[in-house]
Amino acid sequence: MKVVLFCGGYGMRMRSGAADDVPKPMAMVGPRPLIWHVMRYYAHFGHKEFILCLGYGAHHIKDFFLNYEETTSNDFVLRGGRTELLSTDISDWTITFAQTGIESPIGERLRRVRHHLDGDEMFLANYADVLTDAPLPEMIEKFAQRDAGASMMVVPPQSSFHCVDLGEDGLVGGITAVSELPLWENGGYFVLRQEVFDHIPENGDLVADGCAQLAKRGRLVAHQHRGFWKPTDTVKERAALDEAYARGERPWAVWEQDSAAVSA
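Residues numbered from 1 in each chain as written. Predicted model: local features only at pLDDT ≥ 70, side-chain atom pairs only at ≥ 80, totals over all residues. Heavy atoms only, no water.

Engineer: Hey, could you go over the packing of aromatic side chains for me, with residue numbers and the actual values?
Structural biologist: Pairs of aromatic rings are described using the distance from one ring centre to the other and the angle between the two planes. The full count for this structure, using the stated rule, is 14 aromatic pairs. Arranged with centres 6.4 Å apart and planes meeting at 45°, the rings of phenylalanine 6 and tyrosine 127 form a pair that is tilted. In this pair, phenylalanine 6 sits in strand S1 (residues 2-7) while tyrosine 127 sits in the loop between strand S8 (122-126) and strand S9 (130-132), placing the two residues 121 residues apart along the sequence. Geometrically, the ring pair formed by tyrosine 127 and phenylalanine 190 is edge-to-face, given 5.7 Å between the ring centres and 75° between the ring planes. Here tyrosine 127 is found in the loop between S8 and S9, whereas its partner phenylalanine 190 is found in strand S13 (residues 185-193), with 63 residues between them in sequence. Taking the relative accessible area as the measure of exposure, phenylalanine 190 reaches 1% and is therefore buried. By way of ring pairs, the aromatic residues Tyr41, Tyr42, Phe45 and Tyr189 are connected into one cluster. Positioned over the ring face of phenylalanine 143 is arginine 193, at 4.4 Å from the centre of the ring. Positioned above the aromatic ring of tyrosine 245, the side-chain terminus of arginine 250 is 4.0 Å from the ring centre. (Phe/Tyr/Trp six-rings, centres within 6.5 Å; stacked < 30°, edge-to-face > 60°. Helix = DSSP H or I, 4+ residues; strand = E, 2+ residues; numbered from the N terminus. Buried < 20%, exposed > 50% of the residue type's maximum accessible area, 1.4 Å probe, protein only. Lys NZ or Arg CZ within 6 Å of the ring centre and 35° of its normal.)

Written out as structure tokens, the structure reads:
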């Protein structure tokens, strides 16, 4: 199944200065950028055909893959001055690099790569900046069995703030952590059918337009995930993931976990 990755936004909250033109999916977590971790997640489950919706800072993403160094994340033997890889990351991946505009909203980026989907009934989509250990096969299977146009992974609210219940007299009736409220957030992992294109206008948005219209028609389903899920909207969040990687705490790296289980 093809995977559409939206990686053309500015990512202003991740930038360290005015001269920093690196798109957010290229922010580093360990020895590899965010987009690599997301792609390894999909590839682990057998989805190795990627369509990258490029925009701002596209040359960084192109250069990374055009000059990809397998030895950074794979064991190898150096024999007679020649490198013999013991494993590879991307040798069996197919990656389409598509310029979808600098200012384009996500829905428009998706519209502009529709022809690369070859009319596939179902495909996957992702913001390319969120890491998770969600069971992708289960997500796809549940959606495949439903008569719906789209599936959106949802997660509990991530805010550490508290909501205050106020009475008319200004007295506080209760305090509840946002994470304990019966609410769900968009988790950024989608399983879509071609039907979604019927509801995304020119320069429209995937969620505000496409998913919202499907929801009104009873054609949007949610996959609830309470496991690991971390966004990287800010420098602080990216740094936290990088530190966790260094400590060996990377639950999103499902490919490592399964390899360890086989070795054991």
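Structure's up, so let's keep going.
Engineer: Could you give an account of the environment of threonine 132, with specific residues and numbers?
Structural biologist: Looking at the element boundaries, threonine 132 is found in strand S9. For threonine 132, a relative accessible area of 1% corresponds to the buried category. Separated by 122 residues in the primary sequence, threonine 132 and valine 254 place their C-alpha atoms 9.0 Å from one another. Here threonine 132 is in contact with Tyr41, Met153, Tyr189, His225, Phe228, Trp229 and Trp252, once residues within four sequence places are set aside. Separated by 3.1 Å, the side chain of threonine 132 and the backbone nitrogen of alanine 134 make a polar contact. A polar contact is formed between the side chain of threonine 132 and the side chain of histidine 225, at a distance of 3.4 Å. (Contact = heavy atoms within 4.5 Å. Polar contact = N/O pair within 3.5 Å; in protein donor to acceptor, adjacent residues only side chain to side chain.)

Engineer: How would you summarise the sheet that holds S13 if you had to cite specific residues and measurements?
Structural biologist: Consider a sheet: its strands pair through backbone hydrogen bonds, and that pairing is either parallel or antiparallel. Strand order in this open sheet of seven strands is S7-S4-S1-S8-S13-S10-S14, and the pairing throughout is mixed. Both outer strands of the open sheet, strand S7 (94-99) and strand S14 (220-224), are each paired with one neighbouring strand and no more. For this sheet the average axis-to-axis angle between neighbouring strands, irrespective of direction, equals 25°. Lying on the sheet, helix H4 (residues 136-144) is in contact with S8, strand S10 (150-155), S13 and S14; it crosses S13 at an angle near 55°. Helix-sheet contacts for helix H5 (residues 206-216) involve S1, S10, S13 and S14, and the interaxial angle to S13 is about 70°. (Pairing = 2+ DSSP bridges. Axes fitted to C-alpha atoms, helices over the stretch in contact; angles between N-to-C directions.)

Engineer: Which residues make up the layout of surface pockets, and what values go with them?
Structural biologist: Counted as a void, the largest pocket has a volume near 800 Å³. Lining the largest pocket are 36 residues, with Lys24, Asp129, Val130, Pro231 and Asp233 sitting closest to its centre. If you list the elements that add at least two residues to the lining of the largest pocket, you get S1, helix H3 (106-112), S13, strand S15 (229-231) and helix H6 (235-246). Per element, the largest residue contribution to the lining of the largest pocket is five residues, and it comes from H6. Classifying every residue of the lining of the largest pocket gives 16 nonpolar, eleven polar and nine charged. (1 Å grid on protein atoms, 1.4 Å probe; cavity = no way out; pocket = protein on both sides within 12 Å on 5 of 7 lines; lining within 4 Å. Points joined across faces, edges and corners; volume = space filled by probe spheres on them. Nonpolar A, V, L, I, M, F, W, Y, C, P; charged D, E, K, R; others polar.)

Engineer: Account for the environment of alanine 150, naming residues and giving values.
Structural biologist: When you line up the elements, alanine 150 lands in strand S10. By relative accessible area, alanine 150 is classed as buried at 0%. With 40 residues separating them along the chain, alanine 150 and phenylalanine 190 place their C-alpha atoms 7.2 Å apart. With near-sequence residues (within four places) excluded, alanine 150 lies in contact with Phe143, Val191, Leu192, Leu214, Arg219, Leu220 and Val221.

Engineer: Quick one: what's the story with the nonpolar core, residue by residue and with numbers?
Structural biologist: Grouped together as the largest cluster of nonpolar side chains are 48 residues, with contacts concentrated most on Leu5, Tyr42, Phe50, Leu52 and Trp252. Sort the elements by how many residues they give to this core and helix H1 (residues 34-44) lands first, with eight residues. Residues in contact with leucine 5, not counting those within four places in the same chain, are Ile35, Val38, Met39, Tyr42, Phe50, Ile51, Leu52, Cys53, Asn126 and Ala128. In this structure, Cys53, Phe190, Leu192 and Val196 belong to the second largest nonpolar core, which totals 22 residues. (Core = buried A, V, L, I, M, F, W, Y, C linked by side-chain atoms within 4.5 Å.)

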